[in-house]
Structure formats: structure tokens, C-alpha cells
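Coordinates in review
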Amino acid sequence: MSQADAGPHHVISARQFDPELLDRLFRSADLMRERITSPTEPLLPGRVMATLFYEPSTRTRLSFESAMLRLGGQVVSTENARDFSSAIKGETLEDTVRIVGGYADCIVLRHPEEGAAARAAAVSPVPVINAGDGRGEHPTQALLDLYTIRAELGRLDHLHVVMVGDLANGRTVHSLVDLLSRYPGQRVTLAAPDRVRMPPEAVEQLREAGAVVVESVDLLEAVRDADVVYQTRVQTERLQEPWPEAGSDVRRFRVTPELMRALPRKAVVMHPLPRVGEIDPAVDADPRAAYFRQAGNGVPVRMALLAMVLEG
Ligand code: CP
């Protein structure tokens, strides 16, 4: 990771990854894919990963655990840390992390508060990997998203990416914007209901990096020359005020068979999942529907990341 000191190699933000490091990680993930199909000697025998999840998860927790097991390591886990760890008795996150850091060689943390992963890293004796901190970031999702674009399209520059849905609360898009902005020639179209538009600082970051950014409410028009349609769900659990019109507002931004007819032949549709209606299941059989392949890439990318964090 890009840090000068000799302390633990925490993974807190997508900002830590430059194209050189990303290239190294993705080459390693390519090799990890081969390891999954043809297992060889274990890479991390005797190492223990703790997953400390204060919010629900299917993909992130299980793919991290699968990754560690496939590397020959072991896993200790609290999948509902809010209720079934000593947090319920009032223990602070910092104290929990100090303790778990004595039981494991790294901690994968998901927490509802933005900045929680950085707080944990400040006191942890072992590497902390941010598996989502509130509305903040989800850097390992962005890594597997970028890996998927590379695998599906063969390049990471000069892309037209259409980001759709809840761009205010969807932490995966915040981390992905950061990674995309490291490559030249990007064009990003933001298609979101008014209530959940991309934060201005993220738009500014893209523009400062040289990307052309357009906000659009006409999704059908926007996708006509897209390389990637990145759909997201409304993060109802993070809405700060009631949104009674959410259903009709969001329906305008669905991925449907009609939209797929407008999408170029070589484009892909991605989604960090879970989906809750914003992609019509009728689209699933289309070869351009890459979201299940994307979720599958979570294992080799997280294997590569764990090997990097724990072995250097
Ligand atoms: N994409 C993602 O973070 O999914 P989970 O919430 O299931 O981990």
C-alpha cells in the first residue's frame, strides 16, 4: 500500500491505490483465479483473518472468508457485531479492534459510521481492511469493479461510464470514482434522481482529473455510446428524510430490455448488488449483464489483496 511508515498495511480508501499498484494487484488476481481452479500449496498457512461486520453483508464477508480459506488461512467472524459482540454492552469500536487485533493477523471491518475504518486503523496492531464505512467508502468493492472492467473490456482508460441510481449514499460509486479518475480520457455520465445526486466534491474530483462529467436524466440516451452502465440501488437504510416518491423516481432509471437494445454490443452492465428492482431480471441472460461475474471476481481480487496486505 502507498504508505511510507513500517506500520500495518491498512486498506481504508481507494485513494491509496495508484495505477501501478492496481496493475500489480490485478495481475496477482489473475493468478489467484488460476489457484481457485487448480489449487496449489497454501500461500497464507497459519494466518488468521477476523471479519467484524456491524452491518449486513452477503458478498463482501463471504468472499473475503472464501478468499482467506482458499489461501490456506483461517477465519474468525462476527457477522452481526452490533448485537452479538460486546458492542451491545457498550464496548467502543476502538477497544474491540485492539482486542480482535490480538486474535487475528488482519481485521476486515464493516461499520455504519463514515470514518469508522480509519478510527479502527488508528488503534489496531494489525492491518484493517475497510469493507464499507457508512456513506463513506467501499474500496475493495471498487477494486473488484475495476478488475471486472479490465476483464470485460480489456482497458481502464478512455471509458464512457454511466453511473446510475443512488449516487449520494452508494459508497461503492464514491470509491469507484476515485479509481476511475486515475486513468486518462474518462467520460462519466451521472444519472440519478434529484434527491440522490453525486456529491459535488466527487464530481469536482473527476473534473480535476480531466474527466468529462455530464449529469443526465435521460438514461436511454446516455447509454447509447456507453462502455459501462454501473447501476446501484437506493440505500434506503441511509436516507436522512422520508422519500415517498422514491418508487416512481427510481423507475425512470431502471435497466430494462428496452435499455439493453440501446446499449452498444460491447458494453457491460454492472451492479455491486444486492439489486432490489433496479435491474429487470429479464436482462440477466444478456451476455452484457456482467453483475454476477463481477460478484464472482470478489474472491480472486480479495485473495490478491490479502496476500498483498499480509505478505507485502
Ligand atoms: N456489494 C456488497 O457490498 O454486497 P454485500 O452488502 O452483500 O456485502
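Above this note sits the structure.
Keep in mind that this is a model prediction, so the values were computed, not measured.

What counts, and where the lines are drawn
- Residues numbered from 1 in each chain as written.
- Predicted model: local features only at pLDDT ≥ 70, side-chain atom pairs only at ≥ 80, totals over all residues.
- Heavy atoms only, no water.
- Pairing = 2+ DSSP bridges.
- Helix = DSSP H or I, 4+ residues; strand = E, 2+ residues; numbered from the N terminus.
- Axes fitted to C-alpha atoms, helices over the stretch in contact; angles between N-to-C directions.
- Near = heavy atom within 4 Å.
- Polar contact = N/O pair within 3.5 Å; in protein donor to acceptor, adjacent residues only side chain to side chain.
- Areas by Shrake-Rupley, 256 points an atom, 1.4 Å probe, with all protein chains shown as cover.
- Nonpolar A, V, L, I, M, F, W, Y, C, P; charged D, E, K, R; others polar.
- Domains from an automatic or database assignment.
- Expected span 1.5 Å × (residues − 1).
- Buried < 20%, exposed > 50% of the residue type's maximum accessible area, 1.4 Å probe, protein only.
- Arc of directions from axis to C-beta.
- Contact = heavy atoms within 4.5 Å.
- Core = buried A, V, L, I, M, F, W, Y, C linked by side-chain atoms within 4.5 Å.

Sheet architecture is open: five strands sit in the order 7-6-5-8-9, paired in parallel fashion. Strands at the two margins of the open sheet, each flanked by one partner only, are strand 7 (212-215) and strand 9 (268-270). The mean angle between the axes of side-by-side strands here comes to 15°, regardless of whether they run parallel or antiparallel. Judged from the four bridges that link them, strand 6 (residues 187-191) and strand 7 form a sheet pairing that is parallel. When the bridges of strand 7 are listed, V188 appears paired with V213.

This brings us to the site of the ligand. Every residue near the ligand is listed here: S57, T58, R59, T60, R110, H138, Q141, P272 and L273. Interatomic distance of 2.8 Å between a backbone N/O atom of T58 and an oxygen atom of the ligand. If the ligand stood free it would expose 260 Å²; the protein chains cover 90% of that surface. Here the shell around the ligand is composed, by residue class, of two nonpolar, five polar and two charged. Here the shell around the ligand gathers at least three residues from each of two domains, domain 1 (14-137 + 297-311) and domain 2 (139-295).

In this section: helix 1 (residues 19-37). Structural remark: α-helix, 3.6 residues per turn; residues separated by three or four positions point the same way. Across its 19 residues, helix 1 extends 27 Å between first and last C-alpha, which sits within 8% of the 27 Å expected from 1.5 Å per residue. The set of residues buried in helix 1 consists of L21, L22, L25, F26, A29, M32 and R35. Down the axis of helix 1, the buried set is contained in an arc of 155°. They therefore lie on one face. When the buried face of helix 1 is taken as reference, the exposed residues oriented beyond 90 degrees from it are E20, R27, L31, E34 and T37.

Next up on the list: the environment of N130. For N130, the location among the structural elements is in strand 4 (residues 128-133). With relative accessibility at 0%, the residue N130 sits in the buried group. Along the backbone, N130 and R110 are 20 residues apart, and their C-alpha atoms lie at a distance of 6.4 Å. Sequence-distant contacts of N130, defined by excluding residues within four places in its chain, comprise V11, I12, L109, A117, E137, P139 and T140. Within the structure, N130 has its side chain in polar contact with the backbone oxygen of I12 (distance 3.0 Å). Here the side chain of N130 touches D133 through a polar contact of 3.2 Å, side chain to side chain.

Residues L146, M163, M198, L305 and L306 are the most contacted members of the largest nonpolar core, which totals 61 residues. When residues in this core are grouped by element, the largest group, ten residues, is from helix 13 (residues 298-311). Taken domain by domain, this core gets at least three of its residues from each of domain 1 (14-137 + 297-311) and domain 2 (139-295). If we ignore the near neighbours within four places in the chain, the residues touching L146 are L22, F26, L156, L176, L179, L180 and Y183. In terms of nonpolar packing, the next biggest core, distinct from the first, is built from 21 residues, A191, A226, L259 and I279 among them.

So, about the sheet that holds strand 3 (residues 106-111). Spatial strand order, 2-1-3-4: four strands in an open sheet with parallel pairing. The open sheet has two free edges, formed respectively by strand 2 (74-78) and strand 4, since each of these has just one partner strand. The mean angle between the axes of side-by-side strands here comes to 15°, regardless of whether they run parallel or antiparallel. As paired strands, strand 1 (residues 48-53) and strand 2 are joined by five bridges and run parallel to one another. Looking at strand 2, one finds that M49 is bridged to V75.

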